[in-house]
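So you can see what is in the structure, the chains are spelled out below.
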Amino acid sequence: MGLEQIEKPPTVSTPENMKMAADGSQVSLTRRNKPGTKAKDYCRWPDEPFEEMDSTLAVQQYIQQLIKNDPSNIDLILTNPETHDEGVWKYEHLRQFCMELNGLAVRLQSQCFPATCTQMTATEQWIFLCAAHKTPKECPAIDYTRHTLDGAACLLNSYKYFPSRVVIKESSVAKLGSVCRRVYRIFSHAYFHHRAIFDEFETKTFLCLRFTRFVLKYALMSTENLIVPIPKSGDDSIIATSGESEA
Amino acid sequence: MQVIRLPQARIAVLVGERKGQESLKGDLIRRIKMLEYALKQERAKFHRLKFGCDPPSMNDIKPPTDETGISNEVAPDLEVPFSSVSNITWRQGRQLLRQYLQEIGYTDTIIDVRSNRVRSLLGLNNNSEQDENNSPSINGNENNKRASESQGRRTPAKKSQTGVAELMILDSEAAVLANFEFLGPPDVEMSDEDDLAEGLDIPLDADDCAVKTSKRKTKGIKSDDVDAEAEEVLNELNLLTEAEDTNTSSNKIEDSDWTKSLGYPNSNDTTRRPLISGNDEDVDSSLGLGELAQLTVGNEAETTYDVSNSKEAYRRTWNAKYTLRSHFDGVRALAFHPQEPVLITASEDHTLKLWNLQKTVLTKKSAGLDVEPLYTFRAHTGPVLCLTMSTNGEHCYSGGLDGAIHCWNLPNWNIDPYDSYDPAVLRSTLDGHTDAVWGLSVNHTGGHLVSCSADGYVKLWSPQSKVQYLNTFGSESEGIPASVDFVREVNEQIVVAYNDKVSRCVIYDIETTKSLVRLETNEISFMIGRFINKVVSHPTLPITITAHEDRHIRFWDNRTGNLMHSMVAHLEPVTSLAIDAHGLYLLSGSHDCSIRLWNLDNRTCEQEITAHRKKFDESIFDVAFHPSRPYIASAGADAVAKVFV
């Protein structure tokens with residue numbers, strides 16, 4: 001009796017009960033990583049069609065689902081499922097890139113030291129200044145990497161520019177380009193200075209390839225800035241030429 | 001005739017209603033006086049302590065020892081079914097009390113004025129009431145304090161009768177104490193625990209209560225016994241010890257006046273009775289709750305909660321204040337610094353982030369009270385699943401899907417977010433698990449760390465020692481551990497939640513690695529499919545609390561392994577639990593997107609906050625109480641953590 005207010009939910013929400021029952025009998029219907037899930041089973045649930053995703057995070061869910069299924073199927077990953085808001089689509093992809101770039105940063109931390117990589121460079125042509133500071137600074141490469149990712153995390157999560165993950169202002173979409181340019185330097189530094197790390201990471205994630213295709217598809221960066229050679233792709237001649245020119 | 005009769009009946013009804021309301025009013029007035037009395041007591045005590053002259057009885061006061069006495073009491077107590085009616089009346093009573101307290105404003109002058117008025121209203125003294133006052137069921141707190149002032153005067157023999165008045169006192173006193181904590185220095189707030197437990201012990205017995213009630217009824221109307229007690233107390237305080245005999249007669253007159261004014265006709269017993277029984281119920285519930293509630297009194301840090309609490313409304317309402325957004329994916333875990341307004345979040349985006357709530361960055365990048373992270377911990381190569389902070393706040397430990405447990409040195413929380421990379425922040429890595437690490441917990445005394453992994457094992461570590469690995473627990477037959485915690489009440493034990501076909505918790509001794517108790521029901525089949533998401537140990541009592549996929553929260557007795565209580569707590573799986581440092585409140589998070597705050601005394605939900613959005617079928621992963629400050633926090637699949645104040 002004392003638990004009146006507690007006992008209410010199950011009686012009130014019969015649909016919920018039915019859903020629970022269904023969940024109980026067929027575990028795969030709930031897409032959850034319950035505590036104790038083995039690493040190999042993490043997020044291993046049946047795909048949810050994009051149309052059925054009713055969450056405000058549907059785009060992120062969908063992108064992650066595609067990447068999980070086959071990270072090398074870049075064309076599919078970059079195909080906006082419907083005439084969905086392109087700003088959101090780009091935004092969510094960029095979030096995903098920055099997130100996955102953490103993996104590269106972790107690997108760089110073990111090899112890229114301030115003593116050896118005193119500046120953020122790729123080729124000899126440019127020294128990149130770290131924009132995270134009040135006055136841009138010549139940070140060592142590892143600091144540049146970390147600061148750039150941290151700054152991107154702050155910007156992409158900024159309430160001012162990206163208050164919603166469903167609708168994004170056009171003025172905020174304009175910010176995405178500069179984030180792309182900065183984080184791309186992490187790829188290029190890794191490629192030119194820590195090739196083993198880059199290759200190991202790229203083989204696993206196809207991240208640089210996906211990123212390059214992404215920025216080209218949505219014209220977020222210009223071709224001459226994409227200095228990391230990437231494999232030729234029959235259906236995308238721009239990338240092929242960019243790869244050749246730098247190789 | 002009928003035409004006339006009907007209005008008469010209506011009049012009778014209305015008169016009855018009015019009487020009921022007046023009796024309610026009378027009840028409240030008596031409660032106010034009890035509050036005043038308690039305030040007086042506190043002030044007197046404070047005064048005495050301030051001027052250093054401890055009366056002899058004050059030496060009894062011990063610092064709160066949370067285990068003694070209380071622990072035995074609560075287990076049976078929790079079985080007591082509370083009627084919702086009594087809960088409601090009790091709550092309403094408390095609410096009104098607090099409103100009155102607000103009106104009173106706690107100021108000295110007002111209290112003095114009021115007490116003078118009450119005294120003039122009540123006359124001076126009353127012998128029979130004084131006897132009742134002396135009865136043993138007044139809780140120890142009261143006795144101690146009062147004895148200090150009135151020992152010499154208390155000559156009349158104690159009556160065995162324990163009136164309802166005292167029970168009501170207990171009730172109101174619980175409320176008073178909860179409210180009045182801030183008045184006295186915390187270290188002396190708590191009087192002898194054992195006495196308190198004993199005092200409560202008596203009325204806990206149901207038979208005893210029944211006897212009292214009947215006695216009460218046969219005794220007739222004593223509408224003013226609480227009044228009289230309050231009045232007597234006031235007399236004591238003012239040392240009006242002389243001329244007791246003369247006072248008696250005058251007081252009788254006052255009594256009847258008082259009775260009339262309160263609308264209790266002496267001849268009409270029935271109108272009075274409902275109130276009494278209502279009060280009995282109040283008392284019953286308050287006793288169930290009261291024990292734990294009174295425990296708060298000795299807790300220094302709890303005071304910080306209650307100061308604001310008493311100044312606000314009936315109970316504390318938590319509001320979202322800080323939004324911690326900087327993660328790219330679900331926030332799986334969070335942990336507060338033990339002292340500072342600092343917390344760390346662990347996310348599926350492979351990172352952990354350090355936040356200082358006092359550094360709300362109002363740069364062009366953020367609006368309102370957005371907090372920007374001060375440091376990003378990078379070392380995991382997969383989602384970070386669990387996190388815990390060392391007791392001294394110097395280190396934190398994180399476990400990930402990559403099977404690694406990283407030990408981190410906490411950077412200074414005033415660090416420049418864009419400082420150079422210091423590899424020494426990653427202190428060490430504990431290797432041993434071969435699959436995802438899902439649970440971590442630190443021992444407050446031994447500095448031990450316990451981890452549980454999807455590889456089926458639970459491991460004990462001493463992360464600050466040279467030899468970090470200590471022991472492995474469990475066997476594959478138990479299933480996969482989902483969550484682990486130290487048994488706080490004992491310290492040398494851990495409780496592990498296993499999920500296999502049957503879900504259950506097992507308590508192990510950390511020295512011998514032997515399993516001591518299995519928390520399960522007699523019907524083993526009961527726990528089939530009741531997947532446990534989280535297990536937490538009560539900080540002071542031998543109670544383990546589990547959060548289940550079947551939307552329940554369950555309470556277990558560590559001694560017997562029995563299920564003490566089971567309740568549907570959310571609309572969807574309960575994923576996370578946290579208990580405040582003093583064991584009074586439970587916070588639960590669920591995939592239904594809400595967090596709920598539970599009063600552990602009566603296990604009722606005090607507040608529900610919808611805090612996060614869903615990603616796939618997941619919403620809230622973790623909740624936490626700040627160990628020493630009034631903050632609570634939730635971590636969500638929507639990549640956001642929220643802090644409530």
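Keep in mind it's a predicted model, so treat the numbers as computed, not measured.

1. Quick notes on the overall build of chain A
Here is step 1: Check the secondary structure of chain A and you find 11 helices and two strands.
Here is step 2: When the helices and strands of chain A are read in sequence order from the N terminus, they spell out α-α-α-α-α-β-β-α-α-α-α-α-α.
Here is step 3: Summarising the internal contacts of chain A: among those between residues at least 6 apart in sequence, 58% fall at separations of at least 24.

2. Some thoughts on the environment of His548(B)
Residue and element names in this part refer to chain B.
Here is step 1: Within the secondary structure, histidine 548 is located in strand S20 (residues 543–548).
Here is step 2: In this structure histidine 548 comes out as buried when scored by C-beta crowding, with 25 C-beta atoms within 10 Å.
Here is step 3: Along the chain, histidine 548 and histidine 570 lie 22 residues apart, while their C-alpha atoms are 9.9 Å from each other.
Here is step 4: Discounting residues that sit within four places of it in the chain, histidine 548 has contacts with Arg530, Phe531, Ile532, Asn533, Arg554 and Val574.

3. Considerations on the sheet that holds strand S25 (residues 594–599) of chain B
Residues and elements named next belong to chain B.
Here is step 1: The strand order across the open sheet formed by four strands is S23-S24-S25-S26, and the pairing between neighbours is antiparallel. Each edge of the open sheet carries a strand with a single partner, namely strand S23 (574–579) and strand S26 (604–610). Averaged over all pairs of adjacent strands, the angle between strand axes in this sheet comes to 20°, irrespective of strand direction.
Here is step 2: Relative to S25, strand S24 (residues 585–590) runs antiparallel, the two being bridged by five bridges. Bridge assignment links glycine 589 to a residue of S25, and that residue is isoleucine 595.

4. Observations regarding the nonpolar core
Here is step 1: Cys98(A), Leu334(B), Leu387(B), Val496(B) and Ala633(B) are the most contacted members of the largest nonpolar core, which totals 171 residues.
Here is step 2: Among the elements that make up this core, the one with the highest residue count is helix H5 (residues 86–109) of chain A (11 residues).
Here is step 3: Apart from residues no more than four positions distant in its own chain, Cys98(A) is found in contact with Leu149(A), Ala152(A), Ala153(A), Leu156(A), Val183(A) and Phe328(B).
Here is step 4: By size, the runner-up hydrophobic cluster in this structure holds seven residues, among which are Ile32(B), Met34(B), Ala38(B) and Leu97(B).

5. Some details on the sheet that holds S20(B)
Strand pairing in a sheet relies on backbone hydrogen bonds. The paired strands run either parallel or antiparallel.
All names here are of chain B.
Here is step 1: Pairing within the open sheet is antiparallel, and its four strands lie in the order S19-S20-S21-S22. Two strands in the sheet have a free side with no partner beyond their single neighbour: strand S19 (532–537) and strand S22 (563–568). With strand direction ignored, the average angle separating the axes of adjacent strands in the sheet is 15°.
Here is step 2: Both S19 and S20 contribute to a ladder of five bridges, which runs antiparallel. For lysine 534, the partnering residue across the bridge sits in S20 and is alanine 547.

6. Re the confidence of the model for chain A
Here is step 1: Per-residue confidence for chain A gives a mean pLDDT of 80, with 81% of residues at or over 70.
Here is step 2: The low-confidence segment residues 234–247 of chain A (pLDDT under 50) makes 18 contacts with residues lying over four places distant or belonging to another chain.

7. Details of the UniProt feature "repeat: WD" (unreviewed entry) in chain B
Here is step 1: The sites that UniProt annotates as "repeat: WD" (unreviewed entry) are residues 324–365, 377–410, 430–462 and 567–608 of chain B.
Here is step 2: Spanning residues 430–462 of chain B, this segment combines 0% helix with 48% strand, and its end C-alpha atoms are found 10 Å apart.

8. Comments concerning the interface of chain B and chain A
As a measure of interface size, the accessible area lost when the parts come together is often cited.
Here is step 1: If you look at the interface, chain B gives 57 residues, while chain A gives 49 residues.
Here is step 2: Every element with two or more residues in the side of chain B that touches chain A is listed here: helix H3 (84–104), strand S6 (375–378), strand S11 (437–442), strand S15 (480–486), S22 and S26 of chain B.
Here is step 3: A per-element tally of the side of chain B that touches chain A places S15(B) first, with four residues.
Here is step 4: A per-class count over the side of chain B that touches chain A returns 23 nonpolar, 19 polar and 15 charged.

9. As for the UniProt feature "binding site: Zn(2+)" (unreviewed entry) in chain A
Residues and elements named next belong to chain A.
Here is step 1: Under the feature "binding site: Zn(2+)" (unreviewed entry), the UniProt entry names Cys112, Cys117, His189 and His194. Maximum C-alpha separation among the annotated residues is 10.2 Å over a sequence range of 83 residues, consistent with a single clustered spot.
Here is step 2: In this view, cysteine 112 contacts Cys117, Ala141, Ile142 and His194; residues no more than four positions away in its chain are not counted.
Here is step 3: Mapped onto the elements of the fold, histidine 189 is located in helix H8 (residues 175–193).

10. A look at the pairing of S25(B)
All names here are of chain B.
Here is step 1: The buried fraction of S25 is high, at five of six residues.
Here is step 2: Hairpin connection of S24 to S25: three residues between the antiparallel strands, including cysteine 593 at a positive phi of 75°.
Here is step 3: Pairing of S25 with S26 involves six bridges; the strand directions are antiparallel. Across the sheet, the residue bridging to arginine 596 is glutamate 608, located in S26.

11. Examining unusual backbone geometry
Here is step 1: Unusually for a residue other than glycine, Phe206(A) sits at a positive phi of about 55°.
Here is step 2: On the neighbour-count criterion, Phe206(A) (20 C-beta atoms within 10 Å) is buried.
Here is step 3: Its identity as a non-glycine residue notwithstanding, Arg551(B) has a phi of 75°, on the positive side.
Here is step 4: As for its position among the elements, Arg551(B) is in the loop between S20 and strand S21 (552–557).

12. Quick word on the packing of H5(A) against helix H9 (residues 195–205) of chain A
Residue and element names in this part refer to chain A.
Here is step 1: As a packed pair, H5 and H9 sit with axes 10 Å apart at the nearest point and diverge in direction by 155°. As judged from the angle between their axes, H5 and H9 are roughly antiparallel. Remark: the crossing between H5 and H9 carries right-handed chirality. Contact residues: Glu100, Gly103, Leu104, Arg107 and Leu108 in H5; Ile197, Phe201 and Thr205 in H9.

13. Considering helix H10 (residues 207–217) of chain A
Residue and element names in this part refer to chain A.
Here is step 1: Where burial is concerned, most of H10 is hidden: eight out of the 11 residues are buried.
Here is step 2: Where H10 is concerned, the buried positions are Leu207, Cys208, Arg210, Phe211, Thr212, Arg213, Phe214 and Val215.
Here is step 3: Backbone geometry just after H10 places alanine 219 at a positive phi near 50°.

Definitions and cut-offs
- Residues numbered from 1 in each chain as written.
- Chains lettered and ligands numbered in written order.
- Predicted model: local features only at pLDDT ≥ 70, side-chain atom pairs only at ≥ 80, totals over all residues.
- Helix = DSSP H or I, 4+ residues; strand = E, 2+ residues; numbered from the N terminus.
- Contact = placed C-beta atoms within 7 Å.
- Buried ≥ 20, exposed ≤ 12 C-beta atoms within 10 Å, placed from the backbone.
- Pairing = 2+ DSSP bridges.
- Axes fitted to C-alpha atoms, helices over the stretch in contact; angles between N-to-C directions.
- Core = buried A, V, L, I, M, F, W, Y, C linked by C-beta atoms within 7 Å.
- pLDDT = per-residue confidence, 0-100.
- UniProt positions renumbered as here; feature names shortened; annotations may be inferred.
- Nonpolar A, V, L, I, M, F, W, Y, C, P; charged D, E, K, R; others polar.
- Parallel < 35°, antiparallel > 145°, perpendicular 65-115°, else oblique.
- Left-handed = near helix turned anticlockwise from the far one by under 90°.

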